[in-house]
Amino acid sequence: MRLDYKGMKEFIEQKGYKQSAIAEKVGISSMKLSQILNGNRKCEAGEYADICKELNVPYEKFIKEG
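Residues numbered from 1 in each chain as written. Predicted model: local features only at pLDDT ≥ 70, side-chain atom pairs only at ≥ 80, totals over all residues. Heavy atoms only, no water.

Draft legend 1. Examining the packing of aromatic side chains more closely. The tally for this structure, following the rule as stated, stands at one aromatic pair. Their ring planes at 70 degrees and their centres at 5.7 Å tell us that Phe11 and Phe62 sit as a pair that is edge-to-face. Taken together, the residues span a long stretch of sequence, with Phe11 in helix α1 (residues 5-15) and Phe62 in the loop between α4 (45-55) and β2 (63-64) at a distance of 51 residues. For the pair formed by Phe11 and Phe62, the shared burial category is buried. (Phe/Tyr/Trp six-rings, centres within 6.5 Å; stacked < 30°, edge-to-face > 60°. Helix = DSSP H or I, 4+ residues; strand = E, 2+ residues; numbered from the N terminus. Buried < 20%, exposed > 50% of the residue type's maximum accessible area, 1.4 Å probe, protein only.)

In structure tokens form, the structure reads like this:
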């Protein structure tokens, strides 16, 4: 299993959410969230759970098989 960073980024953009606001609510820097969404940094399990909670989506939403 792996995270669909591109799908997460597209979801955030489609909903019109600001990355900086999500990062602040999750408790990470905007730069860190940007790196995660661009696939340049691994997303820790706790961060992923917090991001999903903030986006109001199930944890499975951005998980891909393979």
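Draft legend 2. How the structure looks around the confidence of the model for the protein. Mean pLDDT for the protein: 95, with 100% of residues reaching 70 or above. Confidence, expressed as mean pLDDT per element, reaches its minimum in the protein at strand β1 (residues 2-3) with 90 and its maximum at helix α3 (residues 30-37) with 97. (pLDDT = per-residue confidence, 0-100.)

Draft legend 3. Region of interest: α3. Listing the buried residues of α3 in full gives Leu33, Ile36 and Leu37. End-on, the buried residues of α3 take up no more than an arc of 95 degrees, which puts them together on one face. Buried positions along α3 lie against α1, α2 (19-26) and α4. Among the residues trailing α3, Gly39 stands out with phi positive, at a value near 75 degrees. (Arc of directions from axis to C-beta. Contact = heavy atoms within 4.5 Å.)

Draft legend 4. Seen up close, the pattern of salt bridges. Counted under the stated rule, the structure contains three salt bridges. A salt bridge links Glu54 to Lys25; its shortest N-O distance comes to 3.9 Å. Of this pair, Glu54 sits in helix α4 while Lys25 sits in helix α2, and the two are 29 residues apart along the sequence. Relative accessible area serves as the criterion here: at 32%, Glu54 is assigned to the partly exposed category. Overlapping salt bridges, with partners in common, bring together Arg41, Glu44 and Glu47 in one network. (Salt bridge = Lys/Arg side-chain N within 4 Å of Asp/Glu carboxyl O.)

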